[in-house]
There are 4 protein chains.
Amino acid sequence: MSAYANKIGVHGLVWAGGWSEAEARSSIEGAKATGYDLIEILLMDPQKVDAQMTRRLLDEYEMQATASFGLSAQTDVSSEEPGRVRAGERLLHDAYAVARDIGVSYVGGVLYGALGKYSAPVSARGRDNSVAALQRLCDAAAGSDIQIGLELVNRYESNMLNTAAQAVEYIDDVGRDNLVIHLDTYHMNIEESDNYAAVLTAGEHLGYVHVGESHRGYLGTGNVDFGSLFRGLAAIGYTGPITFESFSSRIIMPELSYTLAIWRDLWDDNVDLAEHARGFIDAQLRSAVRRRAL
Amino acid sequence: MSAYANKIGVHGLVWAGGWSEAEARSSIEGAKATGYDLIEILLMDPQKVDAQMTRRLLDEYEMQATASFGLSAQTDVSSEEPGRVRAGERLLHDAYAVARDIGVSYVGGVLYGALGKYSAPVSARGRDNSVAALQRLCDAAAGSDIQIGLELVNRYESNMLNTAAQAVEYIDDVGRDNLVIHLDTYHMNIEESDNYAAVLTAGEHLGYVHVGESHRGYLGTGNVDFGSLFRGLAAIGYTGPITFESFSSRIIMPELSYTLAIWRDLWDDNVDLAEHARGFIDAQLRSAVRRRAL
Amino acid sequence: MSAYANKIGVHGLVWAGGWSEAEARSSIEGAKATGYDLIEILLMDPQKVDAQMTRRLLDEYEMQATASFGLSAQTDVSSEEPGRVRAGERLLHDAYAVARDIGVSYVGGVLYGALGKYSAPVSARGRDNSVAALQRLCDAAAGSDIQIGLELVNRYESNMLNTAAQAVEYIDDVGRDNLVIHLDTYHMNIEESDNYAAVLTAGEHLGYVHVGESHRGYLGTGNVDFGSLFRGLAAIGYTGPITFESFSSRIIMPELSYTLAIWRDLWDDNVDLAEHARGFIDAQLRSAVRRRAL
Amino acid sequence: MSAYANKIGVHGLVWAGGWSEAEARSSIEGAKATGYDLIEILLMDPQKVDAQMTRRLLDEYEMQATASFGLSAQTDVSSEEPGRVRAGERLLHDAYAVARDIGVSYVGGVLYGALGKYSAPVSARGRDNSVAALQRLCDAAAGSDIQIGLELVNRYESNMLNTAAQAVEYIDDVGRDNLVIHLDTYHMNIEESDNYAAVLTAGEHLGYVHVGESHRGYLGTGNVDFGSLFRGLAAIGYTGPITFESFSSRIIMPELSYTLAIWRDLWDDNVDLAEHARGFIDAQLRSAVRRRAL
């Protein structure tokens, strides 16, 4: 499995709904056992994640980590309400601090606004608030090796950044080198014209990739055009992390499940799911690399 | 264009955000001029639709019509609150009456619950309320030629009926012959494993089809696998209506736009859009019919 | 149908196996009636094509034309045998003269070797002979507006030019400005990694496009990825001709049918076939142009 | 890798151009080392294959085998010339005897006519000769567990059996239970409307599957729709062998290379090629099985 430079990751919610020491251990162990290089840790509630314990377990299993989360309506930095924006910025910095203490290489997600269904478009003032908050977050991370990522999500989870083209413009406005684009095939399937073009639009700004199926279940059982994603990644020479994400109501905790509208169980055996995804990603990456050489 | 039996329709929101006489006339005229057989009329607010005027205009242009709408939280027949269920059932019957007076062949949409993002799964009691409401609606339509349709929408627009398999089960529970499945490619792209399989699952229950792109813009500019949809329709010998649906914030009224999370303009020239869609559907249907004969 | 600059053509073999005045008239009339701008005339046997008559009919119907043919083993300019090379070069110039007298804008095909199944790879000397012959043909056409095209065909119809990458190299060796690449989706489906990439590889050298299905029947009834072809054409801003090609043993004369391995009837109603293809190409082109603007 | 019942094989020509003891050992060893259950042995020239040696090596490596070959013009059982038909039938029986002595479970290929480009369609008498020859071959194998397979190839390699529909008809004419259909994605990409439909047409007659890319190189680097093939196999519950086939002029012996029109090297590292294919098939099969359960 050395035909490419990318680290292959798996989302923590494949393994457990929380991050107690027992959950963290079984998650990291599961990720390791099914062939992954890194695990993505959810920081929805940063004070509930013990950075020291996490770091210790990662070292024990020789695994790497990244971190992700989304803001809520109460912590929406794209709001016009100063209280929400302040609360959001505080959360961004708190979560960043935990991620840094864990030793991650990347912190991303819907950090630029609330993760959820809006009932109106973002306002110009709200967008300015968001840009300013991200500038300060990027500045806080400036000395480190940690990249800050904008996860592009579909219209039901953000009213602001749904496409790579929008993200490139937003990054120009923020103007910080450590801010990168995070593409996710589940969302791209709804918002982008095609995966290949979206990857090329993101181009050098691409810093993180989520591989998820159109219904969030087993890779290759839905409508996502993975071939065009991986051809795009090969075309731009992307060497960053590629992380598998899948949600089932079997594992995910109810509140997040409802936010993400996970009403169905699409799997129950997470070991089989993760093993399959690891092989699937490997086959796709190898095909794309070989094809590039034709 | 006589290679198939299907009537080809276009959604009213391609033409106007409302249904005043002027809007109705220009919508029907636009649909006629761009080659459609029928127009789908939005009955979100049935008392705002003048059935006599509509019928007269349809006659004048020799056009057919169907009708659609979705319930809201206040009229949610899948709720556990009797007040909402009663209000929903009243709306279902009011809208049906207007549709009947217009002379439509079909009334459908999210009639089984609220159109929107839920924050919890449907309860067993809520589902029972929904089934009972649909039974009475079907009974009201029983003597007529009008079919009642369940439009399957994605997880962000319903917590109950997202897939053809779920709809077949729901129809079994309702147990009425005039209740049909309404598939929509925009939603299928998110929820179904593939379009061909979904059409076969719907099978003889399929009564209405919405053709929409993955981002709700021009057909053929996104990720929907139209070939597999049309091959499925040919495989089951579907002869019912096929209606083009596309939304742009240019036309659609703000409140519905926000419910549907339409944050971007994907087109501004609706004549070009509709003409293109008409040709696209024609080419796809003809290919599927010819392929069937191979 | 003015959303794009390309002229849309149809191959003469859709209409008739020969080119007598009656056949020429019905072919040109059929192409015109089904909405095409130009007809591609087969010059397998140039002395059998009456240029004056053809020109007159084209004028009468206000139609444009292109011309195509392939060499045979006896006229193989990629052979090592001087007699065959001389015979081939004579045929190239004879056919060119007829095409010029007809008033075509383009002459192409398998002009660089024999159209057929080889039993050994091309030799270095054979390839040199081919390059030299094409240089002289391009020189003969130099003063005119006529472009000379290399049709890329699959491995069973040429042992030399199967892919766009090979054609770019060959064009570099010939070194003449009026030599262009002619891509054909039927062959690309066998030889290229994907249609989009092949179009980009051809790039500014692309001068002619054949749109044909994987089994040579109705467009959209086989395996060709037309979306990726048309997206590629939009990406490079291709404004040249796009010609529909389809063969059925109902029309094509036996000897060519056997060379092309047409053992099955894939259609019998050529008017329906041509009308469908015209609409199919229109829908695809419009989708690609609109998508480009997203 | 126990999520499915199918044995996964690899074609001998991935490993060596011949079958000397050294070649046989390195081929079987390579197949074993890269994770395959069986190797397909070429019987173009049955007397050159030492059955005892082969059986011994298969036992030593605990590997299974299948056998394949194609007739030539001189041994064409679909010819009208009695001498060729007799020579062909002799070859069929000789090859069968070697395969039986090796202990294979399957013997297939272009056994019903010559493998190559024909210059005329098959005649009714030729087809009758072919059917009669296959009846006798099937009768010879009747007592054994060996299945006889009709490999469907493209129009340039057979003028008789290009599609599953044609094969079903041919099998009806032969009327023997041990005659099965052998589908190959490389050929299906040219001849079938789509892979899913072709698999369903073959149905219970399907006995062997070749997985090859559209240009015969690395899986996933061309145009074959593998998803639709594997969905079809899951739909019919196919549990037979699935064998990877790929040709490069690096390995294949010249004469066969020229017959098969292999003019390009698409790979040189056969270990990497085979490993990748093994993972690719595994990921596809698992996706199809999981999808079936949705």
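Residues numbered from 1 in each chain as written. Chains lettered and ligands numbered in written order. Predicted model: local features only at pLDDT ≥ 70, side-chain atom pairs only at ≥ 80, totals over all residues. Heavy atoms only, no water.

**Considerations on the side chain of B:Asn162**
Right, so step 1: Within the element layout of this structure, B:Asn162 appears in the loop between β5 (147–151) and α5 (164–174).
Right, so step 2: The class for B:Asn162 is buried, based on a relative accessible area of 3%.
Right, so step 3: From its side chain, B:Asn162 meets the backbone oxygen of B:Ser158 in a polar contact 3.0 Å long.
Right, so step 4: Ignoring any residue separated from it by four or fewer positions in sequence, one finds B:Asn162 in contact with A:Trp263, B:Leu152, B:Val153, B:Asn154, B:Arg155, B:Glu191 and B:Glu192. (Helix = DSSP H or I, 4+ residues; strand = E, 2+ residues; numbered from the N terminus. Buried < 20%, exposed > 50% of the residue type's maximum accessible area, 1.4 Å probe, protein only. Polar contact = N/O pair within 3.5 Å; in protein donor to acceptor, adjacent residues only side chain to side chain. Contact = heavy atoms within 4.5 Å.)

**Notes on the relation of the copies chain A and chain C**
Right, so step 1: Of the transformation superimposing chain A on chain C, the axial component is 0.0 Å and the angular component is 180 degrees, with the fit at an RMSD of 0.0 Å. Accordingly, the operation relating the two chain copies is best matched by a two-fold axis.
Right, so step 2: Interface overlap between copies is the fraction of interface residues in one copy that are interface residues in the other; for chain A against chain C it reaches 100%, indicating a shared surface. (Least-squares fit on C-alpha atoms with pLDDT ≥ 70 in both.)

**Structural notes on the packing of aromatic side chains**
Right, so step 1: Counting across every chain of the model gives 20 aromatic pairs over all chains.
Right, so step 2: Look at A:Tyr196 and C:Tyr196: their rings are 5.4 Å apart centre to centre, the planes differ by 65 degrees, and that puts the pair in the edge-to-face class. Of the two residues, A:Tyr196 is situated in helix α7 (residues 195–202) and C:Tyr196 in helix α7 (residues 195–202); the pairing between them involves two chains.
Right, so step 3: Of note, D:Arg216 hangs over the ring of D:Tyr186, and the distance from its end group to the ring centre comes to 3.8 Å.
Right, so step 4: One residue, D:Arg278, lies across the ring of D:Tyr36, its end atom 6.0 Å from the ring centre. (Phe/Tyr/Trp six-rings, centres within 6.5 Å; stacked < 30°, edge-to-face > 60°. Lys NZ or Arg CZ within 6 Å of the ring centre and 35° of its normal.)

**Regarding the sheet that holds strand β4 (residues 106–114) of chain B**
Residues and elements named next belong to chain B.
Right, so step 1: Overall, parallel pairing links the eight strands, which are arranged β1-β2-β3-β4-β5-β6-β7-β8 in a closed barrel. Taken over all neighbouring pairs, the strand axes of this sheet differ in orientation by 30 degrees on average, direction set aside.
Right, so step 2: For strand β2 (residues 38–42) and strand β3 (residues 64–71), the ladder comprises five bridges, and the chain directions are parallel. Bridging from a neighbouring strand, Leu 42 pairs with Ser 68 of β3.
Right, so step 3: The sheet contacts of helix α10 (residues 270–292) involve β1 (8–11), β7 (206–211) and β8 (242–244), and relative to β8 the element is tilted by about 145 degrees. (Pairing = 2+ DSSP bridges. Axes fitted to C-alpha atoms, helices over the stretch in contact; angles between N-to-C directions.)

**Things to note about the side chain of A:Ser287**
Right, so step 1: Mapped onto the elements, A:Ser287 comes out in helix α10 (residues 270–292).
Right, so step 2: Once residues lying within four places of it in the same chain are set aside, the contact partners of A:Ser287 are D:Leu219, D:Gly220, D:Thr221, D:His276 and D:Phe280.

**Thoughts on the interface of chain B and chain A**
Right, so step 1: Opposite the 35 residues of chain B that make contact, chain A presents 35 residues.
Right, so step 2: Both sides of the chain B and chain A interface together cover about 2,800 Å² of buried area, and 47% of this is carbon and sulfur.
Right, so step 3: When the buried surface of chain B facing chain A is broken down by residue, B:Arg155, B:Tyr156 and B:Trp263 rank first, second and third, together holding 27% of it.
Right, so step 4: Linking chain B with chain A are two salt bridges, by the criterion used here.
Right, so step 5: For B:Arg264, the salt bridge identified is with A:Glu191, shortest N-O distance 2.5 Å.
Right, so step 6: If you look at where chain B meets chain A, you find 25 residue pairs in polar contact (both at pLDDT 80 or more).
Right, so step 7: Of all the elements in the fold, those that place two or more residues in the side of chain B that touches chain A are α6 (185–191) and α9 (254–259) of chain B.
Right, so step 8: When residues in the side of chain B that touches chain A are grouped by element, the largest group, five residues, is from α6(B).
Right, so step 9: Residue classes in the side of chain B that touches chain A are distributed as 12 nonpolar, 15 polar and eight charged. (Buried area = accessible area lost by both parts, 1.4 Å probe. Salt bridge = Lys/Arg side-chain N within 4 Å of Asp/Glu carboxyl O. Nonpolar A, V, L, I, M, F, W, Y, C, P; charged D, E, K, R; others polar.)

**Here's the deal with the environment of D:Leu229**
Residue and element names in this part refer to chain D.
Right, so step 1: Among the structural elements, Leu 229 can be located in helix α8 (residues 226–236).
Right, so step 2: Of the residues examined, Leu 229 reaches a relative accessible area of 0% and is grouped as buried.
Right, so step 3: Residue contacts for Leu 229: discarding those within four places in its chain leaves Thr 185, Met 188, Asn 195, Val 199, Val 209 and Val 211.

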